[in-house]
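Residues per chain, in single letters:
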Amino acid sequence: PAGALMSMIAVVPSDKVEVVANGQKLKVVDPSKTIQRNACTVCGVHMHGPIKNPKHAFNGLSFIHAERFDKGGWAAPEFAAFVSSVIETGTKPEDMNGIRARLKELKLEPYDALSPPLMDMLAANAVKQNGVAKAAMS
């Protein structure tokens, strides 16, 4: 929403995502990106973003703005990811401590990446895809 610092994103299985109207208006914003963000070609709103890369740990998942849900009953937010990215949209760096404090008040642990368990999944997938590089310690 206009003026919002952050958005609430849910992650769901892509096979459970259904565009029920005006799908012809959707276009992938940047096909080179991991998340294939589908946005409306008329108003620009991002609707959903699937990951379609069999080698990615999140393959088969879609990222959806929670305000797009037409049903309730979803899990509550568990953390805030990529918090520092609000600086890129004009937030002053000196405001970040207050933003992080407010997120903690809301029981949302702020991270500048994904949550540790999700980062572990990405790292484990990288090992699965690429193997482990062994370095000699001296």
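So, a few notes on the structure that sits alongside this text. (Residues numbered from 1 in each chain as written. Predicted model: local features only at pLDDT ≥ 70, side-chain atom pairs only at ≥ 80, totals over all residues. Heavy atoms only, no water.)

The subject of this paragraph is the overall build of the chain. A tally of helices and strands in the chain yields two helices and seven strands. Its helices and strands in sequence order give the chain the pattern β-β-β-β-β-β-α-β-α, from N to C terminus. Dimensions of the chain, computed from the C-alpha atoms along their principal axes, are close to 60 × 40 × 30 Å. If you take every contact in the chain between residues at least 6 apart in sequence, the share linking residues at least 24 apart comes to 48%. Counting only carbon and sulfur atoms, one obtains 56% of the accessible surface of the chain, whose full area is about 10100 Å². (Helix = DSSP H or I, 4+ residues; strand = E, 2+ residues; numbered from the N terminus. Contact = heavy atoms within 4.5 Å. Areas by Shrake-Rupley, 256 points an atom, 1.4 Å probe, with all protein chains shown as cover.)

A few words now on the pattern of salt bridges. Scanning the entire structure with this criterion turns up three salt bridges. Notably, a salt bridge pairs E109 with K104, separated by 3.9 Å at the nearest N-O pair. Residue classification places E109 among the partly exposed residues on the basis of a relative accessible area of 36%. (Salt bridge = Lys/Arg side-chain N within 4 Å of Asp/Glu carboxyl O. Buried < 20%, exposed > 50% of the residue type's maximum accessible area, 1.4 Å probe, protein only.)

We now examine the layout of surface pockets. Each pocket or cavity is described by its volume, and for the largest pocket that value is around 1800 Å³. Along the walls of the largest pocket sit 49 residues, with S7, M8, I9, A10 and F63 positioned nearest its centre. Residue assignment for the lining of the largest pocket shows that the elements contributing at least two residues are β1 (9-13), β4 (46-50), β5 (61-65), β6 (79-80) and α2 (116-130). Among the residues forming the lining of the largest pocket, the class breakdown is 34 nonpolar, 10 polar and five charged. Empty space within the second largest pocket amounts to approximately 630 Å³. Every element with two or more residues in the lining of the second largest pocket is listed here: β1 and β4. Of the residues in the lining of the second largest pocket, the class split is 12 nonpolar, two polar and six charged. (1 Å grid on protein atoms, 1.4 Å probe; cavity = no way out; pocket = protein on both sides within 12 Å on 5 of 7 lines; lining within 4 Å. Points joined across faces, edges and corners; volume = space filled by probe spheres on them. Nonpolar A, V, L, I, M, F, W, Y, C, P; charged D, E, K, R; others polar.)

Now for the side chain of S62. Take S62: it is sitting in strand β5. Take S62: its relative accessible area is 1%, and that puts it in the buried class. Among the polar contacts listed, one links the side chain of S62 to the side chain of S14, at a separation of 2.7 Å. Those residues in contact with S62, other than ones at most four positions away along the chain, are A10, V11, V12, S14, V17, G49 and P50. (Polar contact = N/O pair within 3.5 Å; in protein donor to acceptor, adjacent residues only side chain to side chain.)

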